[in-house]
Amino acid sequence: IVFFLQQQIEVPQPPHEFKDRLTKTGHRSLSCSLSRSSTDNLSSGTKPHTDEEISPQNKEQKNSKGSNDFCIRSIRQAAFGRREIEMAEQEMPALMMLRKATQGEKPLAGAKIVGCTHITAHTAVLIETLSLLGAQCRWTACNIYSIQNEVAAALAEGGVPVFAWKGESEEDYFWCIDKCVNAEGWEPNLILDDGGDLTHWIYRKYPQLFENIKGIVEESVSGVHRLYQLYKAGKLCSPAINVNESVIKQKFDNFYCCKESVLDGLKRTTDVTLSGKQVVVCGYGEVGKGCCAALKGLGAIVYVTEIDPICALQACMEGLQLARLNDVIKMVDIVITCTGNKNVVTRELLESMKSGCIVCNMGHSNTEIDVASLLTPDLTWRRIRKHVDHIVWPDGKQIVLLAKGRLLNLSCSTVPVYVLCITATTQALALIELFNAPEGRYKQDIYMFPKKLDEYVAVLHLQSYDAHLTELTDEQAKYMGVNKSGPFKPSYYR
Ligand SMILES: NC(=O)c1ccc[n+]([C@@H]2O[C@H](COP(=O)([O-])OP(=O)(O)OC[C@H]3O[C@@H](n4cnc5c(N)ncnc54)[C@H](O)[C@@H]3O)[C@@H](O)[C@H]2O)c1
């Protein structure tokens, strides 16, 4: 890998304009079901009630090596968390391969990474990979709901200073970020952020740290957006890599994550049978394509709405029925929004739905369905299950609203770990790249993930299949005008 990194990497120019694609993958609650099962297990007797009541800030805890440089719910959960991490490792072959690929070399030796991500079993695999590659890591959570306490305990037991516990308050959240950054005798030289809170905290409270920071890796749209705001204000103090828009993430995360999870979300909440059901999917981008593929696989009759003629044509050529929402709304059984847009499903459309229609969102945040328009005195809301509300009209008609219009899969289902591994590997390689890049390769700007590394993430994942990649001959490489070892596509390829 060191050889690989020593090769000159073509550095793509930062895009002129930030394209707010309205993706918000960085803030998803990735550990829904994993942490739910963990919590169930723990709450069934192994954890004394008082443990939950005492704030971790007021507890004196040490790991087995005597370190108290962490703040988590309970170090006693470490063994249980270790099993969760070992299970995630099975589904994260590329990170495990990255550990082996270094063959004793430590591409992150000397790196001091401060991280703010979800604290879940699969991010633990990333954090421990970074540590094995030579980095010293300090970690905190970007999302107070997704934290797996037992995983935080396993990390702390393994020697990673981690500051996070499930359900921490907003005040605790920033306290944890501060504890992570403001450590005696330790200064970070790399930032791994998901959402931008950590970067902004350092920027506001400890700007002098940027003198040593070699770079920021940011995963989420909102975090990248905040980086661009800093950049435009002339305040970005170090290079940053936007992994959100890497080809590998866009092609795999959005499509496969949704393909693998939409049915799970529908079934866990409603126990619905999809076979023969009429479903309308709004938007046929990567997320819509993933949803349609899964729904078709179960024999649903799928309609698609689109505004873009190219995506619309793709839908038609996949044998899907392109329609306007107005025209099909009365007959469909399920409505799924995936547009990244707002008010795609309005009160007027909700009025037209047949009784029992299931309405949910796989797209941006909670803007796609006009849920606020349902908060009128004529309608009754009935909580049926967690994440399931019946909205009842005076005449008895009811619609089934899932997750109050928030992202269905992220609220109600598991998220496929193998797909998350692709993003985690991208983050690891971006950190290695920033740390090892020769002076001057990156300036105080925002860069796309280098194409060569994008392809390398795929190479690492290919090794988990019995897959055999074809090699270009010299003649073919010359004919195509590419290097035999890649990159195989231009940096603008999407
Ligand atoms: N649930 C998840 O796990 C997950 C994962 C990744 C992204 N997302 C979110 O899903 C949304 C879509 O992501 P994507 O990668 O598919 O984006 P995309 O841009 O590829 O696709 C969105 C599609 O919706 C179409 N569209 C826009 N407005 C429309 C309207 N009013 N009616 C019909 N079609 C319309 C666009 O033409 C586009 O083709 C984003 O908000 C993103 O944040 C969710």
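The written sequence of each chain sets the order in which its residues are numbered from 1. Totals for whole chains, interfaces and linings use all residues, but because this is a predicted model, local features are given only for residues with pLDDT of at least 70 and pairs of side-chain atoms are given and counted only at 80 or more. Note: side-chain values were computed over all heavy atoms of the structure, leaving out hydrogens and water.

## Structural notes on the UniProt feature "binding site: substrate" (unreviewed entry) in the protein
Quick note on the threshold: UniProt positions are given in the numbering used here, feature names are shortened, and annotations may be inferred rather than shown by experiment. Numbering of helices and strands runs from the N terminus, with a helix taken as a DSSP run of H or I at least four residues long and a strand as a DSSP run of E at least two residues long. Relative accessibility thresholds used throughout: buried, under 20% of the residue-type maximum; exposed, over 50%; partly exposed, between the two (1.4 Å probe, protein chains only).
As recorded in UniProt, the sites labelled "binding site: substrate" (unreviewed entry) are Thr-120, Asp-194, Glu-219, Lys-249 and Asp-253. Checked against the element boundaries, Asp-194 lands in the loop between strand E4 (190-193) and helix H9 (197-205). Inspection of the secondary structure puts Lys-249 in helix H11 (residues 247-270). With a relative accessible area of 0%, Lys-249 lands in the buried category.

## A closer look at helix H18 (residues 451-462)
To keep things clear, this is the line we draw: A helix's residues, less one, multiplied by 1.5 Å, set its expected span.
Between its first and last C-alpha atoms H18 spans 17 Å; for twelve residues at 1.5 Å apiece the expected length is 16 Å, and the two agree. Among the twelve residues of H18, nine are classified as buried, and the element is accordingly described as predominantly covered.

## Examining the environment of Asn-436
Put simply, the rule reads: Between N or O atoms, a polar contact is any pair within 3.5 Å; within protein, one atom must be a potential hydrogen donor and the other a potential acceptor, and residues adjacent in sequence are included only when both atoms are from side chains.
Relative to the helices and strands, Asn-436 is located in helix H17 (residues 417-436). Judged by its relative accessible area of 37%, Asn-436 falls in the partly exposed class. For Asn-436 and Pro-107, which are 329 residues apart along the polypeptide, the C-alpha to C-alpha distance reads 7.4 Å. At 2.8 Å, the side chain of Asn-436 and the backbone oxygen of Ile-432 are in polar contact.

## Re the sheet that holds strand E9 (residues 321-322)
The strands that make up a sheet are held in pairs by hydrogen bonds between backbone atoms, and each pair lies either parallel or antiparallel. Inclusion rule: Any two strands with at least two DSSP bridges between them are considered paired.
Pairing is mixed in the open sheet, where eight strands are placed in the order E9-E8-E7-E10-E11-E14-E13-E12. Either end of the sheet is taken by a strand with one partner, and the two such strands are E9 and strand E12 (380-385). Two strands pair when backbone bridges link them, and strand E10 (residues 334-337) and strand E11 (residues 358-361) are joined in this way by four bridges, in the parallel orientation. When the sheet's bridge partners are listed, Thr-337 is paired in E11 with Asn-361.

## As for the nonpolar core
Quick note on the threshold: The set of buried Ala, Val, Leu, Ile, Met, Phe, Trp, Tyr and Cys residues whose side-chain atoms join them within 4.5 Å is what this entry labels a nonpolar core.
In this structure, Leu-95, Leu-108, Ile-113, Ile-119, Leu-130 and Trp-139 are the most contacted members of the largest nonpolar core, which totals 61 residues. Only helix H4 (78-90), helix H5 (93-101), helix H6 (121-132), strand E2 (136-141), helix H7 (149-157), E4, H17 and H18 provide two or more residues apiece to this core. If one sorts the elements of this core by residue count, H17 sits on top with eleven residues. Core analysis: the next-biggest nonpolar cluster, separate from the first, contains 32 residues, Val-262, Cys-292, Ile-336 and Met-362 among them.

## Some words on unusual backbone geometry
It is generally the case that most residues other than glycine have a negative phi and that most peptide bonds are trans. In the segment running from Gly-486 into Pro-487, the intervening peptide bond is cis, with an omega of -5°. With respect to the helices, strands and loops of the structure, Pro-487 is situated in the segment after helix H19 (474-480). The phi dihedral of Asp-271 is positive, around 60°, even though this residue is not glycine. As for its placement among the helices and strands, Asp-271 is situated in the loop between H11 and strand E7 (278-282).

## Looking at the packing of aromatic side chains
Definition in use: In this scheme Phe, Tyr and Trp rings, the latter by its six-membered ring, pair at centre separations within 6.5 Å, and the angle between planes marks the pair as stacked below 30 degrees, edge-to-face above 60, and tilted otherwise. Think of it as a cone above the ring: NZ of Lys or CZ of Arg counts as a charge over the ring if it is within 6 Å of the ring centre and within 35 degrees of the ring normal.
Under the defined criterion, the tally for this structure stands at seven aromatic pairs. Members of the aromatic cluster, each reached through a chain of ring pairs, are Tyr-173, Phe-174 and Trp-201. Over the ring of Trp-186 we find Arg-138, and its NZ or CZ is 5.7 Å from the ring centre. The ring centre of Tyr-493 lies 4.5 Å from the NZ or CZ of Lys-489, which sits over that ring.

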